[in-house]
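Listed here are the chains, written in short residue letters.
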Amino acid sequence: MQFSQIKNSGIFIAILGIVLFSAKAILVKLAYQYEVSSIHLLLFRMLFSLPFYLVIAFYFKPLFPDKIKRKDYLWVIFFGFIGYYLASYFDFLGLQYIKAGLERIILFVYPTLVIIISKIFLKEKISAHQIIAILITYFGVIVTFWGELQYNSDTVVLGGFLVFLSALTYASYIVGSGWLIPKFGVVIFTAYAMIVSSVCVILHYLVTDRNDIFGYAYEVYVLSFMMAILSTIIPSFLVSLAIKKLGASNFSIIGSIGPISTIILAYLFLDEKLTLLQILGAIIVIVGIVIVSLNKSKKSKKMLD
């Protein structure tokens, strides 16, 4: 297969994975119409996806088992807790208060959070391009928020803060897990992290809730199953394959369609309508992320030269 064909197939796979991931917010909002609690909905999502990840963990082995130490498995537990349990929980809570389109725009600031966290904890330098990108990105979020605050400021601020916490915990996961993935491999590391997250969600339910989970309308279980398959399992491996084909920098640029796809899906399935001001804010956020991604791509090329 020629390079151009590999690249084109990688782009298609990346777009498909991003759109499926974006559909999660739509499925969550549809399920909330049936008065399901956020922890129950998250529990259903993880219970439906857990068997698939258990099978993967059983049949696949780490890439370099000799290099894995006992503490590495402890770090997997920690990052599974941070990156998939906490991030998902904050996201599901936040979606109770804000639109799906706005949620995706806020979540999309995580690449800039990765830069900031890397600076604080790993002492990595922040370039002028990155500073500009961060400022542009957060200006875009403020512009997007401004329209929503005119209608219901209390719930929007709470929902936005919860989704921002989701972006922050996910960014922490990305920064911290980077040195573990080469040892385990993307597929097996993702499976391990998702298993840890599922256990955390189950424990959360058993400790804090224990209310009946079998009394909901059948639509809740159908939507949860769709969320597990279409917006969790399939895109997690599509994204891994796309990164392998295109590289992380190129994939992050294509990832800019994430907020746009969510806005379109929210318009089609939830009848959500964004104002011109909010659309402008989304565009500004995407520009900021593209600047970050292009800067990363240039750095990678210099390292290879």
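For the structure itself, look to the data block above.
Residues numbered from 1 in each chain as written. Predicted model: local features only at pLDDT ≥ 70, side-chain atom pairs only at ≥ 80, totals over all residues. Heavy atoms only, no water.

Asks: For unusual backbone geometry, give the residues involved together with the corresponding values.
Replies: Within the chain, glutamate 35 stands out as a residue other than glycine whose phi angle is a positive 55°. Mapped onto the fold, glutamate 35 is located in the loop between helix H1 (3-32) and helix H2 (38-59). The residue arginine 210 is not glycine, and still its phi comes out positive at about 65°. Within the secondary structure, arginine 210 is located in the loop between helix H8 (186-208) and helix H9 (218-246). (Helix = DSSP H or I, 4+ residues; strand = E, 2+ residues; numbered from the N terminus.)

Asks: With reference to specific residues and values, describe the packing of aromatic side chains.
Replies: Under the definition given, this model contains 17 aromatic pairs. Pairing phenylalanine 48 with phenylalanine 225 gives two aromatic rings, centres 5.5 Å apart and planes at 90°, and the pair type is edge-to-face. Placement of phenylalanine 48 in helix H2 and of phenylalanine 225 in helix H9 is noted, with a sequence separation of 177 residues between them. Under the relative-accessibility criterion, phenylalanine 48 is labelled partly exposed at 27%. Consider the rings of tryptophan 75 and phenylalanine 78, whose centres lie 5.8 Å apart with planes at 85°: the pair is edge-to-face. Of this pair, tryptophan 75 and phenylalanine 78 both sit in helix H3 (residues 70-94), three residues apart, which is roughly one turn of that helix. A residue is classified by how much of its surface remains accessible, and tryptophan 75, at 37% relative accessible area, is partly exposed. Judged by its relative accessible area of 39%, phenylalanine 78 is partly exposed. Linked through ring pairs, Tyr73, Tyr84, Tyr170, Tyr173, Phe184, Phe189 and Tyr192 together constitute an aromatic cluster. (Phe/Tyr/Trp six-rings, centres within 6.5 Å; stacked < 30°, edge-to-face > 60°. Buried < 20%, exposed > 50% of the residue type's maximum accessible area, 1.4 Å probe, protein only.)

Asks: Residue-level account of the packing of H2 against H8, with values.
Replies: In the contact formed by H2 and H8, the axes pass within 8 Å of each other and the chain directions differ by 145°. Between H2 and H8 lies a crossing of left-handed hand. Within the contact of H2 with H8, the residues separate by chemical class into 19 nonpolar, five polar and no charged. (Axes fitted to C-alpha atoms, helices over the stretch in contact; angles between N-to-C directions. Left-handed = near helix turned anticlockwise from the far one by under 90°. Nonpolar A, V, L, I, M, F, W, Y, C, P; charged D, E, K, R; others polar.)

Asks: Give me the lowdown on the environment of alanine 266, citing residues and values where you can.
Replies: Inspection of the secondary structure puts alanine 266 in helix H11 (residues 257-269). A residue is classified by how much of its surface remains accessible, and alanine 266, at 1% relative accessible area, is buried. For the pair alanine 266 and alanine 25, spaced 241 residues apart in sequence, the C-alpha to C-alpha distance is 8.5 Å. Once you skip the residues sitting within four places of it in the chain, alanine 266 turns out to touch Ile26, Ala100, Gly101, Asp271 and Glu272. (Contact = heavy atoms within 4.5 Å.)

Function cannot be read off these values alone, since they describe shape.
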